[in-house]
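A structural walkthrough
What follows is the residue order along each chain.
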Amino acid sequence: MTTQTLHYIVEPHDLAGHRLKVTLKIARVAKSNQVVGLPAWIPGSYLIRDFSRHIESIRGRHGGRWHQPKKIDDHHWSFDGCAGSLTVEIVVYAWDFSVRGAHVDDSHAFFNGTSVFLMAKGLEDQPCKVEINRPAGKRSWRAYTSMPAVSTRTAADSLGQFVAPNYDALIDHPFELGTPAVIAFEACGAPHRMVFTGVIPNLDTKRIARDVKRICEAQIKLFDPHMARAAFLDSAPAYVFMTMVTGSGYGGLEHRASTALVCSRQDLPTLHQTQTPDGYVNFLGLVSHEYFHTWNVKRIKPAAFVPYDLTKPNHTRLLWLFEGFTSYYDDLMLLRSQVIDEQKYLQQLAKTITGVHAGPGRLKQSLASSSFDAWTKYYKQDENAPNAISSYYAKGSLVALALDLVIRQRSDQRFSLDDVMRALWDKFGVLFYQGQPTGLSETGFAKLVFECTGVDVRTELVKWVEGTSDIELKPLLAAQGIELNWVCKDTTPALGANLKPDGESLTVRQVIEGGPAHRSGLSAGDRLLACNGLRIGNTLKHLKDLLAAYQPGDEILLTTFRDDVLQERLVALAEAPASTAELKPNPAKAR
Ligand code: ZN
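All figures in this text were calculated on a predicted structure; none of them were measured in a lab.

Bringing the coordination of the zinc ion into the picture now. Protein coordination at the zinc ion: the donors are H289 (NE2), H293 (NE2) and E323 (OE), at 2.0 to 2.1 Å from the metal. Along the chain, the residues donating to the zinc ion fall in the pattern H-x3-H-x29-E. Like H293, H289 is buried.

As a further point, take the sheet that holds strand 17 (residues 181-187). Strand order in the open sheet formed by 5 strands is 17-18-19-21-20, with mixed pairing between adjacent strands. The outermost strands of the open sheet, each flanked by one partner alone, are strand 17 and strand 20 (251-254). Direction aside, the axes of adjacent strands within the sheet are offset by 15 degrees on average. For strand 18 (residues 190-197) and strand 19 (residues 239-246), the ladder comprises 6 bridges, and the chain directions are parallel. Paired with V195 across the bridge in strand 19 is M242. Relative to the sheet, helix 4 (residues 280-292) contacts strand 18, strand 19, strand 20 and strand 21 (258-264), its axis offset from that of strand 21 by approximately 160 degrees.

What the rule picks out here adds up to 25 salt bridges. Across the pair D168 and R256 runs a salt bridge, and its minimum N-O distance is 2.9 Å. Of this pair, D168 sits in helix 2 (residues 167-170) while R256 sits in the loop between strand 20 and strand 21, and the two are 88 residues apart along the sequence. Here D168 falls in the partly exposed class, since its relative accessible area comes to 32%. For R256, a relative accessible area of 4% translates into the label buried. One salt-bridge network, held together by shared partners, links D168, D172, R256 and K298.

About the criteria used
Residues numbered from 1 in each chain as written. Predicted model: local features only at pLDDT ≥ 70, side-chain atom pairs only at ≥ 80, totals over all residues. Heavy atoms only, no water. Donors = N, O, S within 2.8 Å, 3.2 Å for Na, K, Ca; no water. Buried < 20%, exposed > 50% of the residue type's maximum accessible area, 1.4 Å probe, protein only. Pairing = 2+ DSSP bridges. Helix = DSSP H or I, 4+ residues; strand = E, 2+ residues; numbered from the N terminus. Axes fitted to C-alpha atoms, helices over the stretch in contact; angles between N-to-C directions. Contact = heavy atoms within 4.5 Å. Salt bridge = Lys/Arg side-chain N within 4 Å of Asp/Glu carboxyl O.

Set out below in structure tokens:
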């Protein structure tokens, strides 16, 4: 087959109605029919999302007139009798304010390729050109993306032209169009941009640039200590952090040379602040996490993702490695780049340990199962999640910690998890987008650890990843001079339920298995009205004040509404457990 360039034109033609018109021009259709469609999911977010459901209309032009295609399954259409050239036009509804979809209004447009770029079956390996048309009346708008631009000079009615070597790359460079705040810096000589969309008065851009630059440099040097070459340079001239700033939001999605982030306005530092916001470390942690994915999961991949099958779930039992290890390194990189100090790092780590131990689900679901079932469990969490699910993020990060400690200890501090990450990078990552891409097999990790460190961790990995018992961190941390203690932070007796304010009262969000709420039959959705005849109110503090009058073992009468039915139930209160992890350095005990 001869090469041809697929030509995509994106036109945000109805900002008020949140609609994009997207045209795909195929110069030569070799066969008598052409199938087109959108992915069922977006890599990095393991849930079937059916992006094609946002296509409002689709039509194709061939033989001099417009035709309607035949829908052949949930995600695909077929244009029959179209040998020759074919132009397909779709209108996409874009009102998903998340990092995974597309969002358009008169202030900006953000979209992932998975929401707008039709895949042309059989032509997935062909190069693509993207043209972005300027919306009417938006003279100040610019386009921001990591997708390489054909030319920086653009016509007045265009926001630019961009190129991708194939469909896989085409959908891995999201776009932000608008007038965002932009920060530019270099890390190890490689250009980076941060694009902030949303109103952020007096954003402290210098502070953010300084901190993020340090984090990026620490990561580049971790994977490439000799040359310090940024991984994304195989795919883009600059790395782009695209941040949507909201009232309260948190999350990110990784791409090969960019990331889409959502953060809360109050987490960002502004000029003239006397104190850095507490949430800033979480924002930097998110930045660090997504940037680490540039290596771990975007280039070092599980074999199950090489290549992605975008029509159905792609199962791997290794997300604890790709998400968990990335979660371990996100905060560790803040420490190593001196963006936070050791005390803050230990606080963050203790928070993770506390969180992992909070749910009985960790004792039921292994990390391998949690990874495999991400599509139906982790991404479809309900009120029973803490009792049923183990997080391949949080517990996966503790596997990374334990592995790091074991390798350091057994190799007399000669090796660490860093050597394992570099070995993964050398074996699977370096040539990913240039050479023959391969991925880590489902069972190949322990062997790789042994090859690069001489430490045999097969037994531990089976226990930590396939098993469901807690990882014994205390002795491992103690050997490195860190003391782990469990403390009780609550002086009032416990109910064993997570609650949320709901109008005038508190509503049960989750009931923890085995606790007083569970034993009494209290359920998610129940509204708490009164405790022994006294109104509970709608704050946790109010409830705590009421419970402070009782001892563990006391019974209280809770009056609740389940749906519209008034109920009363006796709850035997329990002692608040010592469930908060605390970490502190104890150099005297280091061996
Ligand atoms: Zn991640």
